[in-house]
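Read off the chains here:
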Amino acid sequence: MINPTKPTRADLLAAQDKTIRDVIAPDLRVLFCGINPGLYSGATGHHFARPGNRFWPVLHRAGFTPRLLHPSEQQELLNWGYGITNLVPRTTATADELSAEELVAGRKRLVGKIKRYQPRVLAVLGIGAFRTAFQHPKASLGLQTESIGNTILWVLPNPSGLNAHYQLSNLVEQFRALREAV
């Protein structure tokens, strides 16, 4: 159900350090892993909820979903074998507020989730966060050489509107490569 109510400035400020629930189930095709939820997501309870975030349009254009989903429809992803989690669960205004220690600790928590839910692919959304959390400073986008158990690791660009390095078409191309591989 789409909720048209926009969070107020007070709602956003109150969302600092909140957490939101994972969209997760056993045996997913792809578990998308954001860096951490933003304040807008914390205020709404939905992943990638900020209007400028390109996650939902990219998922649709890359062929993961048959239609463009609103963040409030995030549970629909499970119907197609996809889910969402984060490296660090707490909300911040920007990912720059996270320490390297938090990202490394987040990887350790994430490994536990992967072992429990066993998705085919873990797609980490953000090369910088991946390099820090997984301690691979020279990692590049795409398929990684290591895995977590039977789960393949794949790195995609961060779809945040703040990531000016990637235009929508570039993001779609990167996400489509993952979809075609799985």
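Attention in this report is confined to the structure presented alongside it. Please read these numbers as outputs of a predicted model, since none were measured by experiment.

Criteria and thresholds
Residues numbered from 1 in each chain as written. Predicted model: local features only at pLDDT ≥ 70, side-chain atom pairs only at ≥ 80, totals over all residues. Heavy atoms only, no water. Helix = DSSP H or I, 4+ residues; strand = E, 2+ residues; numbered from the N terminus. Rg over C-alpha atoms; globule rule 2.2 N^0.38 Å. Buried < 20%, exposed > 50% of the residue type's maximum accessible area, 1.4 Å probe, protein only. Contact = heavy atoms within 4.5 Å. Lys, Arg positive; Asp, Glu negative; His and termini not counted. Charge placed at Lys NZ, Arg CZ, Asp CG, Glu CD. Core = buried A, V, L, I, M, F, W, Y, C linked by side-chain atoms within 4.5 Å. Expected span 1.5 Å × (residues − 1). Arc of directions from axis to C-beta.

**Things to note about the overall build of the protein**
So, step 1. A tally of helices and strands in the protein yields 6 helices and 5 strands.
So, step 2. Start at the N end of the protein and walk to the C end: the helices and strands fall as α-β-α-α-β-α-β-α-β-β-α.
So, step 3. Relative to the 2.2 N^0.38 estimate, which gives 16 Å for 182 residues, the radius of gyration of the protein is 15 Å and therefore close to what a compact globule would have.
So, step 4. Seen along its three principal axes, the alpha-carbon backbone of the protein occupies a region of about 45 × 40 × 35 Å.
So, step 5. Split into buried and exposed, the 182 residues of the protein put 46% on the buried side.
So, step 6. Nonlocal contacts in the protein, meaning residues at least 24 apart in sequence, comprise 70% of its contacts between residues at least 6 apart.
So, step 7. Taken together, the 21 basic and 13 acidic charged side chains of the protein have centroids lying 2 Å from each other.

**What to know about the nonpolar core**
So, step 1. Phe32, Phe55, Phe64, Phe175 and Leu178 are the most contacted members of the largest nonpolar core, which has 23 residues in total.
So, step 2. Within the residue set of this core, elements represented by two or more residues are β1 (30-34), α3 (55-61), β2 (82-86), β3 (121-125), β5 (151-156) and α6 (168-181).
So, step 3. Residue contacts for Leu178: discarding those within four places in its chain leaves Val30, Phe32, Phe64, Val121, Ala123, Trp154 and Leu156.
So, step 4. In this structure, Leu31, Leu87, Val88 and Leu98 belong to the second largest nonpolar core, which totals 22 residues.

**A look at helix α4 (residues 100-117)**
So, step 1. If you check α4, its first and last C-alpha atoms are 25 Å apart, about what 18 residues at 1.5 Å a residue would give, namely 26 Å.
So, step 2. Buried within α4 are the following residues: Leu103, Val104, Gly106, Arg107, Leu110, Ile114 and Tyr117. Around the axis of α4, the buried residues are gathered within 150 degrees of arc, so they sit on the same side. Of the exposed residues in α4, those oriented more than 90 degrees away from the buried face are Glu101, Lys108, Lys115 and Arg116.
So, step 3. Looking at the buried side of α4, the elements it contacts are β1, β2, β3, α5 (127-133), β4 (142-148) and β5.
So, step 4. Positive backbone phi, approximately 50 degrees, marks Gln118, located one or two places after α4.

**Quick look at the side chain of His46**
So, step 1. Mapped onto the secondary structure, His46 falls in the loop between α2 (39-44) and α3.
So, step 2. For His46, a relative accessible area of 19% translates into the label buried.
So, step 3. Not counting the four nearest positions on each side in its chain, His46 is found in contact with Ile20, Ser41, Pro71, Ser72 and Gln74.

**Let's talk about the environment of Gly63**
So, step 1. Tracing the sequence through the fold places Gly63 in the loop between α3 and β2.
So, step 2. For Gly63, a relative accessible area of 40% puts it in the partly exposed group.
So, step 3. For Gly63 and Phe175, which are 112 residues apart along the polypeptide, the C-alpha to C-alpha distance reads 8.8 Å.

**Comments concerning α6**
So, step 1. The end-to-end C-alpha distance of α6 is 20 Å, a good match for the 20 Å that 14 residues give at a rise of 1.5 Å each.
So, step 2. Along α6, the residues classified as buried are Leu171, Val172, Phe175 and Leu178. Looking straight down α6, one finds that the buried residues subtend no more than 125 degrees of arc, so they occupy a single side. Across α6 from its buried face, at more than 90 degrees, point the exposed residues Ser169, Glu173 and Glu180.
So, step 3. Tucked inside the fold, the buried residues of α6 contact β1, α3, β3 and β5.

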